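# Commentary on secondary and tertiary structure
If you want the building blocks of each chain, they are given just below.
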Amino acid sequence: YTIKFEDEMIVFFFLLLPYHGMFSGVSGDQSTGLETWIPVTTFDQQISFDLETTKLQIKTSASIGSNLYLWVKFYTETGDEVGTLAICFCASEIQYRLNGCYDEPYGRFLRATPPAEEDKVWTMWKEESFFSVSCNGVLLLRVDVYNRCNGVKKANWKNEIKKIAFYKLKPAAEEYRAKPVCGAGEYLSGEDCAECPENTYNDQEEEVTECAKCPEGLESAEGATSVAACYDLGDNLNLVKNSPEVDASWKDSDTAT
């Protein structure tokens, strides 16, 4: 099995090893609850990770020209191979290879230019027939693996991805995690969740890229989860002033008027 990225050819002799000889063990926890960054210290071992329901995020700091690789293999629950993604920080470009999805064995260019920052967070996920990759919030790859892949690889990609493994060839992966799911009071900022800014809110449980503004004349604190959290500052102070829980001396102060 040969992959060529620009002038560098990588040759694999999978037939010389039993299939489970290279990626044999199973380590790690389920993807649920793995929303903190975990150092990539284990290679060639399967890690439980449900890519059907959870997005995978991986940190790299490799630069173009380093010839390092972000190499991830995907497996079913029983350990059968689904597919492989390889991203090469090649001499002049970042290229990728999604095995079995194109006729030629060469690295391909991404559909968009990755962000210039060396510190990158790659997010990858499988949703129905599409396999997608983004980097620092920029969508770089979206492939219909059911229709763009060939032969047995096409059939493999139709299986559910329940495990992953990092390959040890010049590895660029430094840390990984299950992408946090942004909920009410949050929005998607780049590859992470952030609280809604002041004077905005989000009452949706699914991810949004920006929070809704409070109605004109109303304000809210950070992280507001509904329009009901937007208030008129003057009315709010009057309500507070008249609350029986407020100390009488504060009610009589200038700040409460």
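## Considerations on the pattern of salt bridges
- One pass over the full model with this rule turns up 6 salt bridges.
- Notably, a salt bridge pairs Asp44 with Lys168, separated by 3.7 Å at the nearest N-O pair. Taken together, the residues Asp44 in the loop between β4 (38-39) and β5 (46-48) and Lys168 in the loop between β14 (163-166) and β15 (175-178) connect sequence positions 124 residues apart.
- Asp50 is the salt-bridge partner of Lys162, the closest N and O atoms lying 2.9 Å from each other. Of the two residues, Lys162 sits in the loop between α3 (151-157) and β14 while Asp50 sits in the loop between β5 and β6 (56-60), which places them 112 residues apart along the sequence.
- We classify Asp50 as buried; its relative accessible area is 16%.
- Each of Asp50, Glu160 and Lys162 takes part in salt bridges that share partners, so that together they form one network.

## A word on the pairing of strand β17 (residues 192-195)
- Across 4 bridges, the pairing between strand β16 (residues 186-189) and β17 is antiparallel. Within β17, the residue paired with Tyr187 across the bridge is Ala194.
- Hairpin connection between β16 and β17: a loop of 2 residues separates the two successive antiparallel strands, and Gly190 in this loop has a positive phi of roughly 65°.

## Looking at the state of the cysteines
- Tallied over the full model, the rule gives 4 disulfides.
- Covalent S-S linkage joins Cys196 and Cys211, the inter-sulfur distance amounting to 2.0 Å. The disulfide joining Cys196 to Cys211 has a torsion of about -80° about its S-S bond and is therefore left-handed. Note that Cys196 is positioned in the loop between β17 and β18 (200-201) and Cys211 in the loop between β18 and β19 (212-213), a separation of 15 residues in sequence.
- Its relative accessible area of 1% is what places Cys196 among the buried residues.
- The class for Cys211 is buried, based on a relative accessible area of 12%.
- With its sulfur 2.0 Å from that of its partner, Cys214 forms a disulfide with Cys230. Because the torsion about its S-S bond is -70°, the bridge between Cys214 and Cys230 counts as left-handed. Placement of the pair is Cys214 in the loop between β19 and α4 (233-241) and Cys230 in the loop between β19 and α4, with a sequence separation of 16 residues. Considered together, Cys214 and Cys230 belong to a single accessibility category, that of buried residues.

What counts, and where the lines are drawn
- Residues numbered from 1 in each chain as written.
- Predicted model: local features only at pLDDT ≥ 70, side-chain atom pairs only at ≥ 80, totals over all residues.
- Heavy atoms only, no water.
- Salt bridge = Lys/Arg side-chain N within 4 Å of Asp/Glu carboxyl O.
- Helix = DSSP H or I, 4+ residues; strand = E, 2+ residues; numbered from the N terminus.
- Buried < 20%, exposed > 50% of the residue type's maximum accessible area, 1.4 Å probe, protein only.
- Pairing = 2+ DSSP bridges.
- Disulfide = S-S within 2.5 Å.

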